[in-house]
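Fold and geometry: a report
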Amino acid sequence: MLVLVSAGIECRVDRTPEGYAVLVSAADAARAIWAVEAYERENRPVPVTVPPPVVDHGGKWAGFVMGAVLVLAFRFTGGRGEASSWFVAGAADAHDILDGEWWRTITALTLHSDPSHLIGNLVGGVLLAMAVCRTVGPGLGAWLILLAGAGGNALNAILRGPPHISVGASTAVLGAVGVLSGLASVRAIRDGAGIGRAWIPFAAGLGLLAMIGAGESTDLGAHFFGFLVGVVMGAGAALIPVPGLRTQRVLAALALAVVPIAWFLALR
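Below, the structure is looked at part by part. (Residues numbered from 1 in each chain as written. Predicted model: local features only at pLDDT ≥ 70, side-chain atom pairs only at ≥ 80, totals over all residues. Heavy atoms only, no water.)

What follows concerns the overall build of the chain. Helices and strands together make up the secondary structure of the chain, namely 12 helices and four strands. Computed over C-alpha atoms, the radius of gyration of the chain comes to 30 Å, more than 25% over the 18 Å expected from 2.2 N^0.38 for 268 residues, which places it beyond the range of a compact globule. For the chain, the C-alpha atoms occupy an extent of roughly 100 × 40 × 30 Å along the three principal directions. The long-range share in the chain, meaning contacts at least 24 apart out of those at least 6 apart in sequence, stands at 73%. About 15100 Å² of surface is accessible on the chain, with carbon and sulfur atoms providing 68% of the total. Here the chain contributes 17 positive and 17 negative side-chain charges, whose respective centroids are spaced 7 Å apart. (Helix = DSSP H or I, 4+ residues; strand = E, 2+ residues; numbered from the N terminus. Rg over C-alpha atoms; globule rule 2.2 N^0.38 Å. Contact = heavy atoms within 4.5 Å. Areas by Shrake-Rupley, 256 points an atom, 1.4 Å probe, with all protein chains shown as cover. Lys, Arg positive; Asp, Glu negative; His and termini not counted. Charge placed at Lys NZ, Arg CZ, Asp CG, Glu CD.)

Written out as structure tokens, the structure reads:
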């Protein structure tokens, strides 16, 4: 009735055998129906979209495992200034990588010049590894980060060539940023957000690359290529189902085994 009154339509309420009814003159009937329907259209309840729950695929401790591996490796290898034989055998030396020593792309990820270099990579690396592994699982996440780091070192060696040498987990850390960007971009397209919105995660990843991967003493090439490989790996992972728990455990064990295997090849 209030809708009709506000529209300037005369009406009254009468009691009928079926209940109460709002009555208008025949001349105002069409206008009254239009006013009521317009009110109902404008005030139709908006469906509440409940966001899907955040699913933790078992990656809660993945970041801490990664951090523990890096700390343990530094305990054995020491810093670059100690003239350690570990650096001679395991650094990402472009000449040796191009000569077939592919394992250096992995061993170099566990070498750090000094404690500050290690701590810098631990701060972001632990959190980013947790984010990746909570999204796709600890096993698949570990492989995505490892391959992004190794792939970044390989591309850096190929494109920069000798005598370039690189060490540090930062290539894998920026690879994790790329993985998250690739995952989010492809999932946005898949969920109907459109190409325009899908660029937002990629742009955010580039922003992080600029903030944490472009310092004066950093290897910008390795960081950029690690990020780029991570984007490709993350985009691919977004297109496949998340593996089950048993598969995740197998993948995680294999990822952990790759590092000592690479070092075995480096030191043999």
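Once you've had a look at it, read on.
Pairing analysis gives six bridges linking strand β1 (residues 11-16) to strand β2 (residues 19-24), with the strands arranged antiparallel. Bridging from a neighbouring strand, D14 pairs with A21 of β2. Hairpin connection, β1 to β2: the antiparallel pair is bridged by two residues. (Pairing = 2+ DSSP bridges.)

Relative to the assigned elements, Q248 resides in helix α12 (residues 245-267). Its relative accessible area of 2% is what places Q248 among the buried residues. For Q248 and F64, which are 184 residues apart along the polypeptide, the C-alpha to C-alpha distance reads 17 Å. The residues contacting Q248, other than those within four sequence positions of it, are V136, G137, P138, G139, L140, V242 and P243. Within the local environment of Q248, its side chain forms a polar contact with the backbone oxygen of P243, the two atoms lying 3.4 Å apart. (Buried < 20%, exposed > 50% of the residue type's maximum accessible area, 1.4 Å probe, protein only. Polar contact = N/O pair within 3.5 Å; in protein donor to acceptor, adjacent residues only side chain to side chain.)

Tallied over the entire structure, the rule returns three salt bridges. With a closest N to O distance of 2.6 Å, E101 and R104 form a salt bridge. For E101, a relative accessible area of 23% corresponds to the partly exposed category. For the salt bridge of D219 with R160, the shortest nitrogen-to-oxygen distance reads 2.8 Å. (Salt bridge = Lys/Arg side-chain N within 4 Å of Asp/Glu carboxyl O.)

Taken as a whole, this structure holds seven aromatic pairs when the rule is applied. Between W86 and W263, the aromatic rings sit 5.0 Å apart at their centres with planes inclined by 70 degrees, giving edge-to-face as the arrangement. Of the two residues, W86 sits in helix α4 (residues 85-90) while W263 sits in helix α12, which places them 177 residues apart along the sequence. Under the relative-accessibility criterion, W263 is labelled buried at 9%. Geometrically, the ring pair formed by W199 and F202 is edge-to-face, given 5.5 Å between the ring centres and 80 degrees between the ring planes. Residue W199 and its partner F202 are both found in helix α10 (residues 195-212); the two are separated by three residues, about one turn of the helix. The exposure class assigned to W199 is exposed, which follows from its relative accessible area of 53%. By way of ring pairs, the aromatic residues F76, W86 and W263 are connected into one cluster. (Phe/Tyr/Trp six-rings, centres within 6.5 Å; stacked < 30°, edge-to-face > 60°.)

The subject of this paragraph is a nonpolar patch on the surface. Together, W61, F64, V65, V69 and L256 make up a nonpolar patch on the protein surface, roughly 490 Å² of accessible area in all. Turning to its location among the elements, W61 is positioned in the loop between α2 (29-42) and α3 (62-77). (Patch = residues over 30% accessible without salt bridge, like charges linked within 9 Å, V, L, I, M, F, W, Y side chains within 5 Å.)

Below, the discussion takes up helix α8 (residues 138-160). Taking 1.5 Å of rise per residue, 23 residues should cover 33 Å, and α8 covers 32 Å from first to last C-alpha, within 8% of that figure. Positive backbone phi, approximately 70 degrees, marks G161, located one or two places after α8. (Expected span 1.5 Å × (residues − 1).)

Looking at the largest pocket, its volume works out to about 700 Å³. Considering the residues around the largest pocket, the lining is formed by 27 residues, among which M66, V69, A255, L256 and V259 are closest to the centre. Elements supplying a minimum of two residues to the lining of the largest pocket: α3, α7 (115-136), α8 and α12. For the lining of the largest pocket, the element with the most residues is α3, which contributes 10 residues. Across the lining of the largest pocket, the residue classes tally to 24 nonpolar, three polar and no charged. The volume enclosed by the second largest pocket comes to roughly 340 Å³. As for the second largest pocket, its lining consists of 20 residues, of which H117, N121, S170, T218 and H223 are closest to the centre. When residues of the lining of the second largest pocket are traced back to their parent elements, those giving at least two are α7, β4 (165-166), α9 (170-190) and α11 (220-238). The class makeup of the residues in the lining of the second largest pocket is six nonpolar, 12 polar and two charged. (1 Å grid on protein atoms, 1.4 Å probe; cavity = no way out; pocket = protein on both sides within 12 Å on 5 of 7 lines; lining within 4 Å. Points joined across faces, edges and corners; volume = space filled by probe spheres on them. Nonpolar A, V, L, I, M, F, W, Y, C, P; charged D, E, K, R; others polar.)

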